Amino acid sequence: MIFRPDHKFTHGAETSKMQIEGLNVHIAGQHILKEVNLIIPDKRITCVIGPSGCGKSTLLRSMNRLIDSVEGAHIEGKILIGEVNLIDSGEHLTELRRRIGLVSQKPCPLPMSIFENVAYGCQIHGIRNRRKLKMVVRHYLEAVGLWDEVCERLNAPATSLSLGQQQRLCLARSLAVEPQFILADEATSALDPIASRNVEELFVKLKNDYSIIMVTHTLRQARRIADYVVFMYLGELVEAGLASEVFDNPQHELTKKYLSGAFS
Ligand SMILES: Nc1ncnc2c1ncn2[C@@H]1O[C@H](COP(=O)(O)OP(=O)(O)O)[C@@H](O)[C@H]1O
Ligand SMILES: [Mg+2]
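A quick note: this is a predicted structure, and the numbers were derived from the prediction, not measured. (Residues numbered from 1 in each chain as written. Chains lettered and ligands numbered in written order. Predicted model: local features only at pLDDT ≥ 70, side-chain atom pairs only at ≥ 80, totals over all residues. Heavy atoms only, no water.)

1. Let's talk about helix α7 (residues 193-206)
Taking 1.5 Å of rise per residue, the 14 residues of α7 would be expected to cover 20 Å, and the 20 Å separating its terminal C-alpha atoms lies within 8% of that figure. Residues Ala 195, Ser 196, Val 199, Glu 200, Leu 202, Phe 203 and Leu 206 constitute the buried set of α7. For α7, the buried positions fall inside an angular range of 155° around the axis, keeping them on one side. With respect to the buried face of α7, the exposed residues turned more than 90 degrees away are Pro 193 and Ile 194. Residues of α7 that are buried in the fold lie against β3 (45-49), α4 (130-143), α6 (163-175), β7 (181-185), β8 (211-215) and α8 (219-225). The N-terminus of α7 is capped by Asp 192, whose side-chain oxygen sits 3.0 Å from the backbone nitrogen of Ile 194. (Helix = DSSP H or I, 4+ residues; strand = E, 2+ residues; numbered from the N terminus. Expected span 1.5 Å × (residues − 1). Buried < 20%, exposed > 50% of the residue type's maximum accessible area, 1.4 Å probe, protein only. Arc of directions from axis to C-beta. Contact = heavy atoms within 4.5 Å. Polar contact = N/O pair within 3.5 Å; in protein donor to acceptor, adjacent residues only side chain to side chain.)

Next up, the structure:
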(Lines give C-alpha, C1' and ligand atoms only; values in the text may rest on other atoms or scores of the structure.)
(Ligands and ions follow the chains in the order given, each with its own letter.)
Protein backbone atom coordinates (compact mmCIF):
# COMPACT_ATOMS: atom_id res chain seq x y z
CA MET A 1 0.00 0.00 0.00
CA ILE A 2 2.88 2.38 0.64
CA PHE A 3 2.84 5.03 -2.02
CA ARG A 4 6.10 6.66 -2.83
CA PRO A 5 5.47 9.91 -4.63
CA ASP A 6 9.12 10.78 -4.43
CA HIS A 7 12.13 8.57 -3.96
CA LYS A 8 13.24 10.79 -1.10
CA PHE A 9 10.45 9.20 0.90
CA THR A 10 11.66 5.62 0.79
CA HIS A 11 12.84 4.08 4.02
CA GLY A 12 15.78 2.28 2.45
CA ALA A 13 17.73 0.37 5.06
CA GLU A 14 15.82 1.79 7.98
CA THR A 15 13.10 -0.87 7.97
CA SER A 16 14.01 -2.74 11.09
CA LYS A 17 12.47 -3.31 14.47
CA MET A 18 12.77 -0.88 17.33
CA GLN A 19 14.86 -1.99 20.25
CA ILE A 20 14.62 -0.32 23.65
CA GLU A 21 17.44 -0.87 26.12
CA GLY A 22 17.73 0.40 29.68
CA LEU A 23 15.22 3.18 29.17
CA ASN A 24 14.75 5.39 32.22
CA VAL A 25 12.68 8.55 32.35
CA HIS A 26 12.55 10.96 35.26
CA ILE A 27 10.10 13.84 35.37
CA ALA A 28 10.62 16.52 38.01
CA GLY A 29 12.68 14.13 40.11
CA GLN A 30 10.13 11.28 39.90
CA HIS A 31 11.26 8.00 38.37
CA ILE A 32 8.52 7.45 35.77
CA LEU A 33 9.96 4.72 33.47
CA LYS A 34 12.24 2.23 35.17
CA GLU A 35 14.83 0.31 33.18
CA VAL A 36 12.53 -0.65 30.30
CA ASN A 37 13.89 -3.24 27.85
CA LEU A 38 11.73 -4.13 24.89
CA ILE A 39 11.82 -5.14 21.25
CA ILE A 40 9.05 -3.81 19.02
CA PRO A 41 8.60 -6.18 16.06
CA ASP A 42 8.37 -4.81 12.57
CA LYS A 43 4.95 -4.75 10.86
CA ARG A 44 2.96 -6.03 13.79
CA ILE A 45 0.59 -4.49 16.31
CA THR A 46 2.12 -4.21 19.76
CA CYS A 47 -0.42 -3.20 22.40
CA VAL A 48 0.73 -1.55 25.61
CA ILE A 49 -1.60 -2.21 28.53
CA GLY A 50 -1.58 -1.38 32.22
CA PRO A 51 -3.40 0.71 34.78
CA SER A 52 -3.73 4.46 34.46
CA GLY A 53 -0.52 6.27 35.41
CA CYS A 54 1.79 3.28 34.81
CA GLY A 55 3.76 5.13 32.11
CA LYS A 56 2.20 4.03 28.81
CA SER A 57 1.96 7.54 27.35
CA THR A 58 5.43 8.40 28.63
CA LEU A 59 6.79 5.36 26.82
CA LEU A 60 5.19 6.47 23.56
CA ARG A 61 6.33 10.07 24.07
CA SER A 62 9.89 8.80 24.54
CA MET A 63 9.75 6.97 21.22
CA ASN A 64 9.24 10.11 19.16
CA ARG A 65 11.00 12.38 21.64
CA LEU A 66 7.92 14.36 22.48
CA ILE A 67 9.33 13.87 25.98
CA ASP A 68 11.93 16.53 25.07
CA SER A 69 9.26 19.17 25.43
CA VAL A 70 7.98 17.92 28.80
CA GLU A 71 9.26 20.29 31.46
CA GLY A 72 11.68 18.69 33.92
CA ALA A 73 11.93 15.43 31.94
CA HIS A 74 15.19 13.54 31.75
CA ILE A 75 15.63 10.48 29.55
CA GLU A 76 18.43 7.88 29.52
CA GLY A 77 19.00 4.64 27.69
CA LYS A 78 18.71 3.52 24.12
CA ILE A 79 15.88 3.44 21.63
CA LEU A 80 17.49 1.84 18.61
CA ILE A 81 16.26 1.55 15.07
CA GLY A 82 19.00 -0.38 13.36
CA GLU A 83 22.20 1.17 14.67
CA VAL A 84 20.74 4.58 15.39
CA ASN A 85 19.90 5.56 18.95
CA LEU A 86 16.94 7.93 18.70
CA ILE A 87 17.73 9.45 22.06
CA ASP A 88 21.09 10.92 21.13
CA SER A 89 21.18 10.51 17.37
CA GLY A 90 21.31 14.22 16.71
CA GLU A 91 18.71 13.48 14.05
CA HIS A 92 16.50 16.44 13.42
CA LEU A 93 13.26 16.11 15.38
CA THR A 94 11.20 16.86 12.28
CA GLU A 95 12.77 13.93 10.45
CA LEU A 96 12.47 11.68 13.49
CA ARG A 97 8.77 12.47 13.84
CA ARG A 98 8.23 11.87 10.17
CA ARG A 99 9.47 8.34 10.68
CA ILE A 100 7.58 7.83 13.92
CA GLY A 101 4.07 9.23 13.67
CA LEU A 102 1.82 9.77 16.68
CA VAL A 103 -1.96 9.63 16.78
CA SER A 104 -3.36 10.85 20.07
CA GLN A 105 -6.52 10.26 22.04
CA LYS A 106 -8.45 13.24 20.75
CA PRO A 107 -8.31 13.90 17.03
CA CYS A 108 -6.46 17.17 16.51
CA PRO A 109 -6.87 18.26 12.90
CA LEU A 110 -5.07 21.44 11.93
CA PRO A 111 -7.33 24.50 11.50
CA MET A 112 -7.36 24.02 7.73
CA SER A 113 -9.36 22.24 5.06
CA ILE A 114 -9.59 18.47 4.76
CA PHE A 115 -7.28 18.61 1.75
CA GLU A 116 -4.71 20.85 3.42
CA ASN A 117 -4.55 18.63 6.49
CA VAL A 118 -3.25 15.72 4.45
CA ALA A 119 -1.19 17.89 2.09
CA TYR A 120 0.47 19.71 4.99
CA GLY A 121 2.95 16.99 5.91
CA CYS A 122 3.92 16.42 2.28
CA GLN A 123 4.54 20.13 1.78
CA ILE A 124 6.74 20.32 4.84
CA HIS A 125 8.74 17.45 3.41
CA GLY A 126 9.16 19.08 0.06
CA ILE A 127 6.31 18.10 -2.29
CA ARG A 128 4.97 21.31 -3.80
CA ASN A 129 3.73 20.17 -7.18
CA ARG A 130 -0.07 20.56 -7.04
CA ARG A 131 -0.88 17.55 -9.21
CA LYS A 132 1.37 15.30 -7.19
CA LEU A 133 -0.12 16.66 -3.98
CA LYS A 134 -3.63 15.84 -5.19
CA MET A 135 -2.57 12.27 -5.94
CA VAL A 136 -0.97 11.86 -2.57
CA VAL A 137 -3.94 13.33 -0.70
CA ARG A 138 -6.35 11.04 -2.51
CA HIS A 139 -4.16 8.01 -1.91
CA TYR A 140 -4.00 8.53 1.84
CA LEU A 141 -7.66 9.43 2.19
CA GLU A 142 -8.40 6.14 0.43
CA ALA A 143 -5.97 4.33 2.71
CA VAL A 144 -7.96 5.41 5.77
CA GLY A 145 -11.32 4.75 4.09
CA LEU A 146 -12.31 8.41 4.02
CA TRP A 147 -12.10 9.31 0.34
CA ASP A 148 -15.68 8.38 -0.59
CA GLU A 149 -17.02 10.30 2.37
CA VAL A 150 -15.12 13.54 1.72
CA CYS A 151 -14.20 13.71 -1.97
CA GLU A 152 -17.01 16.19 -2.66
CA ARG A 153 -15.91 18.58 0.06
CA LEU A 154 -12.15 18.54 0.22
CA ASN A 155 -12.07 22.28 0.86
CA ALA A 156 -14.41 22.15 3.84
CA PRO A 157 -12.79 22.73 7.22
CA ALA A 158 -11.49 19.55 8.84
CA THR A 159 -13.45 20.40 11.96
CA SER A 160 -16.70 19.93 10.02
CA LEU A 161 -16.08 16.17 10.07
CA SER A 162 -17.35 13.82 12.77
CA LEU A 163 -14.86 12.80 15.46
CA GLY A 164 -14.34 9.38 13.89
CA GLN A 165 -13.72 10.98 10.49
CA GLN A 166 -11.34 13.49 12.10
CA GLN A 167 -9.34 10.68 13.68
CA ARG A 168 -9.04 8.92 10.31
CA LEU A 169 -8.01 12.25 8.76
CA CYS A 170 -5.29 12.64 11.39
CA LEU A 171 -4.11 9.16 10.60
CA ALA A 172 -4.04 10.03 6.88
CA ARG A 173 -1.98 13.10 7.75
CA SER A 174 0.52 10.94 9.64
CA LEU A 175 0.70 8.39 6.84
CA ALA A 176 1.25 11.07 4.21
CA VAL A 177 4.81 11.60 5.38
CA GLU A 178 5.48 7.85 5.15
CA PRO A 179 6.42 6.88 8.66
CA GLN A 180 7.80 3.49 9.58
CA PHE A 181 6.22 3.40 13.03
CA ILE A 182 2.79 4.58 14.09
CA LEU A 183 2.26 5.31 17.75
CA ALA A 184 -1.38 5.40 18.79
CA ASP A 185 -2.25 6.55 22.30
CA GLU A 186 -5.81 5.46 23.10
CA ALA A 187 -6.63 6.56 19.58
CA THR A 188 -10.19 5.24 19.68
CA SER A 189 -11.20 6.24 23.20
CA ALA A 190 -12.93 9.47 22.16
CA LEU A 191 -14.94 7.74 19.42
CA ASP A 192 -18.37 6.14 19.40
CA PRO A 193 -18.39 2.33 19.14
CA ILE A 194 -18.83 2.17 15.36
CA ALA A 195 -16.18 4.78 14.59
CA SER A 196 -13.93 3.09 17.11
CA ARG A 197 -14.27 -0.26 15.34
CA ASN A 198 -13.57 1.41 11.99
CA VAL A 199 -10.35 2.93 13.23
CA GLU A 200 -9.41 -0.31 14.96
CA GLU A 201 -9.91 -2.29 11.74
CA LEU A 202 -7.88 0.31 9.91
CA PHE A 203 -4.91 -0.35 12.20
CA VAL A 204 -5.19 -4.06 11.48
CA LYS A 205 -4.96 -3.29 7.75
CA LEU A 206 -2.10 -0.85 8.22
CA LYS A 207 0.12 -3.35 9.98
CA ASN A 208 0.97 -4.82 6.58
CA ASP A 209 3.00 -1.70 5.94
CA TYR A 210 3.75 -0.15 9.31
CA SER A 211 4.89 -1.14 12.78
CA ILE A 212 2.14 -0.09 15.15
CA ILE A 213 2.48 0.54 18.85
CA MET A 214 -0.86 1.08 20.45
CA VAL A 215 -1.86 2.02 23.95
CA THR A 216 -5.30 0.51 24.31
CA HIS A 217 -7.87 1.71 26.78
CA THR A 218 -9.72 -1.57 26.89
CA LEU A 219 -8.40 -5.08 27.28
CA ARG A 220 -11.06 -6.25 24.87
CA GLN A 221 -9.54 -4.12 22.14
CA ALA A 222 -6.06 -5.48 22.86
CA ARG A 223 -7.42 -9.03 22.71
CA ARG A 224 -9.00 -8.32 19.32
CA ILE A 225 -6.03 -6.79 17.56
CA ALA A 226 -2.71 -7.28 19.36
CA ASP A 227 0.01 -9.50 17.93
CA TYR A 228 2.24 -8.64 20.88
CA VAL A 229 1.36 -7.33 24.31
CA VAL A 230 3.36 -5.31 26.80
CA PHE A 231 2.05 -5.07 30.36
CA MET A 232 3.33 -2.19 32.49
CA TYR A 233 2.88 -1.41 36.14
CA LEU A 234 4.23 1.58 38.10
CA GLY A 235 6.73 2.49 35.39
CA GLU A 236 8.10 -1.02 34.99
CA LEU A 237 7.66 -3.43 32.16
CA VAL A 238 6.25 -6.49 33.91
CA GLU A 239 5.66 -8.84 31.02
CA ALA A 240 5.85 -8.74 27.23
CA GLY A 241 5.31 -11.34 24.57
CA LEU A 242 3.03 -12.80 21.95
CA ALA A 243 -0.56 -11.75 22.64
CA SER A 244 -1.74 -15.35 22.75
CA GLU A 245 0.86 -16.21 25.38
CA VAL A 246 0.39 -13.15 27.58
CA PHE A 247 -3.40 -13.38 27.49
CA ASP A 248 -3.76 -17.15 27.80
CA ASN A 249 -0.77 -17.98 29.91
CA PRO A 250 0.53 -14.93 31.79
CA GLN A 251 3.70 -15.64 33.73
CA HIS A 252 3.68 -12.86 36.26
CA GLU A 253 1.30 -12.69 39.21
CA LEU A 254 0.57 -9.00 38.54
CA THR A 255 -0.33 -9.72 34.91
CA LYS A 256 -2.72 -12.47 36.01
CA LYS A 257 -4.42 -10.13 38.47
CA TYR A 258 -4.68 -7.31 35.96
CA LEU A 259 -6.11 -9.55 33.24
CA SER A 260 -8.62 -11.04 35.65
CA GLY A 261 -9.88 -7.54 36.44
CA ALA A 262 -8.62 -7.51 40.03
CA PHE A 263 -7.49 -3.91 39.43
CA SER A 264 -7.65 -1.48 36.56
N1 LIG B 1 4.39 16.26 32.45
C2 LIG B 1 4.39 15.53 33.58
N3 LIG B 1 4.76 16.09 34.75
C4 LIG B 1 4.77 15.36 35.90
N5 LIG B 1 4.42 14.06 35.96
C6 LIG B 1 4.05 13.46 34.84
C7 LIG B 1 4.01 14.15 33.58
N8 LIG B 1 3.60 13.29 32.63
C9 LIG B 1 3.39 12.12 33.27
N10 LIG B 1 3.66 12.21 34.57
C11 LIG B 1 3.53 11.16 35.58
O12 LIG B 1 4.11 9.98 35.05
C13 LIG B 1 3.36 8.84 35.39
C14 LIG B 1 2.99 8.09 34.12
O15 LIG B 1 2.10 8.88 33.35
P16 LIG B 1 1.58 8.42 31.93
O17 LIG B 1 2.74 8.03 31.11
O18 LIG B 1 0.70 9.50 31.42
O19 LIG B 1 0.73 7.12 32.32
P20 LIG B 1 -0.41 6.34 31.50
O21 LIG B 1 -0.38 6.83 30.10
O22 LIG B 1 -0.06 4.91 31.67
O23 LIG B 1 -1.71 6.66 32.19
C24 LIG B 1 2.15 9.33 36.18
O25 LIG B 1 2.44 9.18 37.54
C26 LIG B 1 2.08 10.79 35.81
O27 LIG B 1 1.53 11.53 36.85
MG1 LIG C 1 -1.86 7.73 28.92
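2. Focus: the pairing of strand β9 (residues 228-233)
Here four bridges tie β3 to β9, and the two strands are oriented parallel to one another. Bridge assignment links Cys 47 to a residue of β9, and that residue is Val 229. Relative to strand β10 (residues 236-242), β9 is paired through six bridges, and the arrangement is antiparallel. Counterpart to Val 230 in the pairing with β10 is Ala 240. Counting the residues between successive antiparallel strands, the hairpin from β9 to β10 contains two residues, one of them, Leu 234, with a positive phi of roughly 45°. (Pairing = 2+ DSSP bridges.)

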